[in-house]
Amino acid sequence: MKGNRLVLLLFLSLICIIYPANAERIRYNFTKGAQYSYTYTRQYLSGVTAPIIAPRKSSDSKTIDFIIKTVGFQENAFILDIGNANATFRRYISPNGVIKGAPAEDRDTIPFFLVFPDGDWKIGTTIKQNTEITAYGKKIPVVWNLTLNKVDSIKNLAVITFVTQFGVNDDRFFSRQINYSGKIIFNLSEGVIHQADWTSVYKAKQLCKENAISRNLWSFEKQTNHSLKMTGVEK
């Protein structure tokens, strides 16, 4: 009987090796009392063109170190203090990334928590999420397309890519475009973002429409490269 059980266990082990799991459940899992250190770097390049001036370009870069401290877990939400010596923000984050609360401040100040699906996420599939932001004095719909590209079972890391679609409509005077795209490496064993790199592109044009004629008065484009890296954990 023991021999039969051993053969069955070996068989099941071989099945798991030959046919690895093709789905994962991605969840944040901050440890109470832990401090997660991160470095955020932002580099941008912008340019303005207009018929009456020479093209102008500018660039800048900035690096910020900050920590995420886990205060506790209450009502199915992690209580997190995010910041550094200059400023700290409190966030209540559900295990799948929904912001449950942001006391005494705008909850969109630090919107770098992606929202993961509730159930298992099949590798190679894309999920679509509909959200909205407030800009230009109105609500703008945003569609997030997140893809679970692969899972490294040895390093216990998941690679997630994303692109966005902003519902910014042209009007008589302005044309605007906003796009985000990037990649996140998620640490499955720790339940936190290990690294993230993404690009945001903003384009704007001022138009002059007279009857059937449309002329560009000026155009502006700004591309920002973002990089987020975990630098340490204290428990």
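A quick note: this is a predicted structure, and the numbers were derived from the prediction, not measured.

> Mind laying out the overall build of the protein, listing which residues take part and the relevant values?
What the protein contains, in helices and strands, is one helix and 13 strands. Each helix and strand of the protein, placed in order from N terminus to C terminus, yields the pattern α-β-β-β-β-β-β-β-β-β-β-β-β-β. The buried share of the protein, taken over its 235 residues, is 34%. Across the protein, every contact between residues at least 6 apart in sequence was considered, and the portion connecting residues at least 24 apart equals 50%. Accessible surface for the protein amounts to roughly 14900 Å². Of this, 53% is attributable to carbon and sulfur atoms.

> Tell me about the pattern of salt bridges, and name the residues and values.
Under the defined criterion, the tally for this structure stands at two salt bridges. Across the pair Arg90 and Asp81 runs a salt bridge whose closest N-O atoms are separated by 2.7 Å. Given a relative accessible area of 18%, Asp81 falls into the buried group. Residues Lys235 and Glu190 are paired through a salt bridge, measuring 2.9 Å at the closest nitrogen-oxygen approach. Taken together, the positions of Lys235 in the segment after strand 13 (213-234) and Glu190 in the loop between strand 11 (174-187) and strand 12 (192-210) put the pair 45 residues apart, joining distant regions of the chain. Here Glu190 falls in the partly exposed class, since its relative accessible area comes to 23%.

> Let's hear about the packing of aromatic side chains: which residues, and what values?
Each pair of aromatic rings is reported with the distance of its centres and the angle of its planes. Evaluated as defined, the whole model comprises 13 aromatic pairs. Pairing Tyr28 with Phe186 gives two aromatic rings, centres 5.6 Å apart and planes at 80 degrees, and the pair type is edge-to-face. Here the residue Tyr28 occupies a position in the loop between strand 1 (23-24) and strand 2 (35-50), and Phe186 occupies one in strand 11, the gap between them amounting to 158 residues. Neither Tyr28 nor Phe186 differs from the other in exposure class; each is buried. Ring centres of Tyr202 and Phe220 lie 6.2 Å apart, and the angle between their planes is 55 degrees; this geometry places the pair in the tilted category. Of the two residues, Tyr202 is situated in strand 12 and Phe220 in strand 13; the sequence distance between them amounts to 18 residues. Look at Phe220 and you get partly exposed, because its relative accessible area is 24%. By way of ring pairs, the aromatic residues Tyr28, Phe30, Tyr36, Phe73, Phe78, Phe116 and Phe186 are connected into one cluster. Sitting above the plane of the Tyr44 ring, Lys222 keeps its charged end 4.4 Å from the centroid.

> Which residues make up the side chain of Asp81, and what values do they have?
You can see Asp81 is positioned in strand 4 (residues 78-83). In terms of polar contacts, Asp81 uses its side chain to reach the side chain of Arg90, at 2.7 Å. In contact with Asp81, other than residues within four places in its own chain, are Ile67, Ile68, Lys69, Val71, Thr88, Phe89 and Arg90.

> With reference to specific residues and values, describe the pairing of strand 4.
Burial within strand 4 is extensive, with six of its six residues counted as buried. Taking every second residue as pointing to the same face, both faces of strand 4 are buried, with Phe78, Leu80 and Ile82 on one and Ile79, Asp81 and Gly83 on the other. Pairing geometry for strand 3 (residues 53-73) and strand 4, over six bridges, is antiparallel. Paired with Ile67 across the bridge in strand 4 is Gly83. Remark: four residues form the turn of the hairpin made by strand 3 and strand 4, two consecutive strands paired antiparallel; Glu75 in that turn has positive phi of roughly 50 degrees. Where strand 4 lies against strand 5 (residues 88-93), six bridges are found, and the strand directions are antiparallel. Pairing of Ile79 across the sheet is with Tyr92, part of strand 5. Turn length for the strand 4-strand 5 hairpin, with the two strands adjacent in sequence and antiparallel, is four residues.

> Residues and numbers for the side chain of Gln129, please.
The residue Gln129 is located in strand 8 (residues 126-135) in this model. A polar side-chain atom of Gln129 sits 2.4 Å from the main-chain carbonyl oxygen of Val115. Here Gln129 is in contact with Val115, Phe116, Val142, Val143, Trp144 and Leu146, once residues within four sequence places are set aside.

> If you had to explain the nonpolar core to someone new, which residues and values would you point to?
Judged by nonpolar contacts, the single largest core of 39 residues is most densely connected at Tyr28, Phe30, Tyr38, Ile68, Ile160 and Phe186. At five residues, strand 9 (residues 138-152) tops the list of elements feeding residues into this core.

> An account of the pairing of strand 2 is requested, with residue identities and associated values reported.
Across 15 bridges, the pairing between strand 2 and strand 3 is antiparallel. Bridge assignment links Arg42 to a residue of strand 3, and that residue is Lys62. The turn linking strand 2 back onto strand 3 is made up of two residues.

Cut-offs used in this document
Going along each chain's sequence as written, the residues are numbered from 1 onward. With pLDDT at 70 or above as the cut-off, local features in this predicted model cover only qualifying residues; side-chain atom pairs require 80 or more to be listed or tallied, and sums for whole chains, interfaces and linings still use all residues. Side-chain metrics rest on all non-hydrogen atoms present in the structure, leaving aside hydrogens and water. Counting from the N terminus, the helices are the DSSP runs of H or I reaching at least four residues and the strands are the DSSP runs of E reaching at least two. Working definition: with a 1.4 Å probe on protein chains only, accessible area under 20% of the residue-type maximum means buried, over 50% means exposed, and in between means partly exposed. Note on contacts: a residue pair qualifies if any of its non-hydrogen atoms lie within 4.5 Å across the two residues. Every accessible area reported is derived by Shrake-Rupley at a probe size of 1.4 Å, with residue values counting cover from the shown protein chains alone. Whenever Lys or Arg places a side-chain nitrogen within 4 Å of a carboxyl oxygen from Asp or Glu, that contact is recorded as a salt bridge. Two rings from Phe, Tyr or Trp (for Trp, the six-membered ring) form a pair when their centres are within 6.5 Å of each other. A pair whose planes differ by under 30 degrees is stacked, one over 60 is edge-to-face, and the rest are tilted. The criterion for a charge sitting over a ring is simple: Lys NZ or Arg CZ within 6 Å of the ring centre, and within 35 degrees of the ring normal. N or O atoms closer than or at 3.5 Å make up a polar contact, with two conditions inside protein: a donor-capable atom paired with an acceptor-capable one, and, for residues adjacent in sequence, both atoms drawn from side chains. Following DSSP output, two strands are said to pair if at least two bridges run between them. Residues belong to a common nonpolar core when they are buried Ala, Val, Leu, Ile, Met, Phe, Trp, Tyr or Cys residues joined through side-chain atoms within 4.5 Å.

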